[in-house]
Protein chains: 2
Amino acid sequence: MLNSQYRHLQTYFKDLIRQKTLKAGTKLPSEREIGEQFKLTRVTVRQALQNLEAEGLIYRQNRRGWFVTPPAVIYDPASHLSFNLYVSKQGGIPHTEKLMQQVEPATAEIAQLMGIQEHTPILFLHRRRYIDQRPVLIEKIYINIDLLPGIEKEELSQSLGQLLKQKYQLEYRDMDLVFKSTSLPSHAANDLGISAGQAGLHIERINYTSDKKVLEIDYEFWRHDAMTIKISLRD
Amino acid sequence: MLNSQYRHLQTYFKDLIRQKTLKAGTKLPSEREIGEQFKLTRVTVRQALQNLEAEGLIYRQNRRGWFVTPPAVIYDPASHLSFNLYVSKQGGIPHTEKLMQQVEPATAEIAQLMGIQEHTPILFLHRRRYIDQRPVLIEKIYINIDLLPGIEKEELSQSLGQLLKQKYQLEYRDMDLVFKSTSLPSHAANDLGISAGQAGLHIERINYTSDKKVLEIDYEFWRHDAMTIKISLRD
DNA sequence: CAGTGGTCTAGACCACCAC
DNA sequence: TGGTGGTCTAGACCACTGG
């Protein structure tokens, strides 16, 4: 029914958040406290909280509690702005953490996408990115080092776009993008410090050079509540 | 824990679906049956099923049961193909149902976006679209009738793009797109016959004529599991 | 260590669907 | 009308976080 109890609770918090009585980042009372206040069991309280999470209004930190979600950042792939740039332009503090970096032989799949021989060495980069201290995405990047000799010796927690421009006089140009709304696979959820199975946004991006060679392949998993995609198509 | 019981159940069904032992559209056993078979309570069974739903592997029809999700359709806004065309090209059977159609005065918001006076008559169109009998999206469209005189007398469960081309010699050209992963608001969930609060994909699209006038504003709510967005950016 | 969320049990009643 | 999912109660134990 439309007037179920968890829905009441949902509306209650939704209104508080909309009115900004509960501000971004605020911690909600514990599930048990909420249950006591509204005379509901934890199961029912959690139903409401989980729905609010699906709406993107609140989020949880593993065993730490529930928090009000900050505004989503707008991502415009056509702008060719780096993460650092578009986040800070929108008033957030970006941060990138390198989780892993290594030169490794290309798998069949990557080799095929890159148009190179299988087992050709490529640079693999695994990063986690934050907005205002909150981890919002993890990404796995496969870089075509044939086109970018020496890149593996660079500092790779910075913006790749900037590095390409400064060191190699290359610019991001053409790209193929795939967006899919799905739940976060457990590896991504773990890296983001959230429980697996939560909603997320998956992005695949292939960046090309001006002569149509594959520069880089990027797989990103975002918290679903952290980003809005905006694109202008002009023929 | 990684080895919680609902996760076991999740993996069990995930494997069956991946192997296609459970085919698209198949109904799962009832929650009580699953619980009996695995010696679990319904709460636990539902936890697993809800996670599989978030992953997009299964979906539910209100009080009818759980079903295996069919493959997602690929939507490429830059292709300027109509829904009917890209769905059928990908092997699905598209269907559009008109829920409502009326000429009405523009709200302040719509008027501003369209660059017209408030209260100017516009055509409002509310449709539901299906793939293989399954409702996958609802859309609300606001059409600038100043640019399209007489359009309100046309049959509007067909493709708008085609109508524009044939009757008005207009083509979709430039557009602004916003994608957001969020839960379905209750009106959209009801129209799609699913329980409110489920994950969904929200799309806002503004279509322009070649002389930069707003032709149409479109708000779509998709089932999150029914679509993948694919875009190629070529400068 | 106390308190939190994460997981789970064993029931219950209701609204709705298909037969 | 019997079976389904939707909602809910009143507990419980565990793993982890924070002070």
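Conventions used here
Residues numbered from 1 in each chain as written. Chains lettered and ligands numbered in written order. Predicted model: local features only at pLDDT ≥ 70, side-chain atom pairs only at ≥ 80, totals over all residues. Heavy atoms only, no water. Contact = heavy atoms within 4.5 Å. Salt bridge = Lys/Arg side-chain N within 4 Å of Asp/Glu carboxyl O. Polar contact = N/O pair within 3.5 Å; in protein donor to acceptor, adjacent residues only side chain to side chain. Helix = DSSP H or I, 4+ residues; strand = E, 2+ residues; numbered from the N terminus. Near = heavy atom within 4 Å. Nonpolar A, V, L, I, M, F, W, Y, C, P; charged D, E, K, R; others polar. Least-squares fit on C-alpha atoms with pLDDT ≥ 70 in both. Buried < 20%, exposed > 50% of the residue type's maximum accessible area, 1.4 Å probe, protein only. Domains from an automatic or database assignment. Buried area = accessible area lost by both parts, 1.4 Å probe. Pairing = 2+ DSSP bridges. Axes fitted to C-alpha atoms, helices over the stretch in contact; angles between N-to-C directions. Phe/Tyr/Trp six-rings, centres within 6.5 Å; stacked < 30°, edge-to-face > 60°.

**Notes on the interface of chain B and chain A**
- With 34 residues of chain B at the contact, the number on the chain A side is 34 residues.
- On inspection of chain B and its partner chain A, the count reaches two salt bridges.
- Where chain B packs against chain A, one counts 14 residue pairs in polar contact (both at pLDDT 80 or more).
- When contributions to the side of chain B that touches chain A are tallied by element, the ones reaching two or more residues are α3 (42-55), β7 (175-183), β8 (199-208) and β10 (227-233) of chain B.
- Here the side of chain B that touches chain A takes nine residues from β7(B), the largest share from any one element.

**Section: the protein's contact with DNA strand C**
- As a structural note, the neighbourhood of DNA strand C is formed by 26 residues, with A:Arg32, A:Arg46, A:Arg63, B:Gln5 and B:Tyr6 the closest of them.
- In this structure, a phosphate oxygen belonging to DNA strand C sits 2.7 Å away from a side-chain N or O atom of B:Tyr6.
- In the model, a base nitrogen of DNA strand C is placed 3.2 Å from a nitrogen or oxygen of the B:Arg63 side chain.
- Those elements giving two or more residues to the surface near DNA strand C turn out to be α2 (31-38), α3 (42-55) and β2 (65-68) of chain A together with α1 (5-18) and α3 of chain B.
- Residue contributions to the surface near DNA strand C peak at four residues, all from α3(B).

**Considerations on the protein's contact with DNA strand D**
- Lining the immediate surroundings of DNA strand D are 25 residues, of which A:Gln5, A:Tyr6, A:Arg64, B:Arg46 and B:Arg63 lie closest.
- For DNA strand D, the fraction of protein-proximal atoms (within 4 Å) that sit in sugar or phosphate groups is 61%.
- Within the side chain of A:Arg63, one N or O atom sits 3.1 Å away from a base nitrogen of DNA strand D.
- Top contributing element to the surface near DNA strand D by residue count: α3(A), with four residues.
- Here the surface near DNA strand D is built from residues that sort into four nonpolar, eight polar and 13 charged.

**Topic: the relation of the copies chain B and chain A**
- Each copy superposes on the other: chain B lies on chain A with an RMSD of 0.0 Å after a rotation of 180° and an axial shift of 0.0 Å. Viewed as a symmetry operation, the transformation between the two copies matches a two-fold axis. Of every C-alpha in chain B, the one belonging to B:Ser181 sits nearest the axis of rotation, 3.3 Å from it.

**Quick notes on the pattern of salt bridges**
Residue and element names in this part refer to chain A.
- Enumeration over the complete set of coordinates arrives at 32 salt bridges over all chains.
- Between glutamate 139 and arginine 127 there is a salt bridge, and its shortest N-O distance comes to 2.9 Å. Of this pair, glutamate 139 sits in strand β6 (residues 134-143) while arginine 127 sits in strand β5 (residues 121-131), and the two are twelve residues apart along the sequence. Side by side, glutamate 139 and arginine 127 carry an identical accessibility label, which is buried.

**Structural notes on the domain arrangement of chain A**
Residue and element names in this part refer to chain A.
- Split by domain assignment, chain A resolves into domain 1 (5-68) and domain 2 (73-229).
- If you average the C-alpha positions of domain 1 and of domain 2, the two centres end up 33 Å apart.
- Domain 1 puts eight residues into the contact, and the matching count from domain 2 is eight residues.
- Where domain 1 abuts domain 2, roughly 590 Å² becomes buried across the two surfaces, and 42% of that area is made up of carbon and sulfur atoms.
- It is Glu53, Tyr59 and Arg60 in domain 1 that bury the most area against domain 2; as a group they hold 64% of the surface buried on that side.

**Digging into the pairing of strand β10 (residues 227-233) of chain A**
- Counted residue by residue, β10(A) has five buried out of seven residues, so it is predominantly covered.
- With three bridges joining them, strand β3 (residues 73-75) of chain A and β10(A) adopt parallel strand pairing. Counted as the bridge partner of A:Tyr75 is A:Ile229 from β10(A).
- Pairing geometry for β10(A) and β7(B), over six bridges, is antiparallel. Bridging from a neighbouring strand, A:Ser232 pairs with B:Asp176 of β7(B).

**Notes on the sheet that holds strand β6 (residues 134-143) of chain B**
- Here eight strands make up an open sheet; going across it, the order is β3(A)-β10(A)-β7(B)-β8(B)-β9(B)-β6(B)-β5(B)-β4(B) and the pairing mixed. A strand with exactly one partner marks an edge of an open sheet, and here the two such strands are β3 of chain A together with β4 (94-105) of chain B. Geometrically, the sheet is characterised by an average inter-axis angle of 20° between neighbouring strands, direction not taken into account.
- Direction of pairing for β8(B) relative to strand β9 (residues 214-223) of chain B: antiparallel, over a ladder of nine bridges. Its bridge partner lying in β9(B), B:Gly200 is registered against B:Arg223.

**Description of the packing of aromatic side chains**
Residue and element names in this part refer to chain A.
- Evaluated as defined, the whole model comprises 19 aromatic pairs over all chains.
- A centroid spacing of 6.0 Å and a plane angle of 80° characterise the contact between tyrosine 142 and tyrosine 219, whose relative ring orientation is edge-to-face. Placement of tyrosine 142 in strand β6 and of tyrosine 219 in strand β9 (residues 214-223) is noted, with a sequence separation of 77 residues between them. Tyrosine 219 shares its class with tyrosine 142; the two are buried.
- Grouped by ring-pair contacts, the aromatic residues Tyr75, Phe83, Tyr86 and Trp222 constitute a single cluster.

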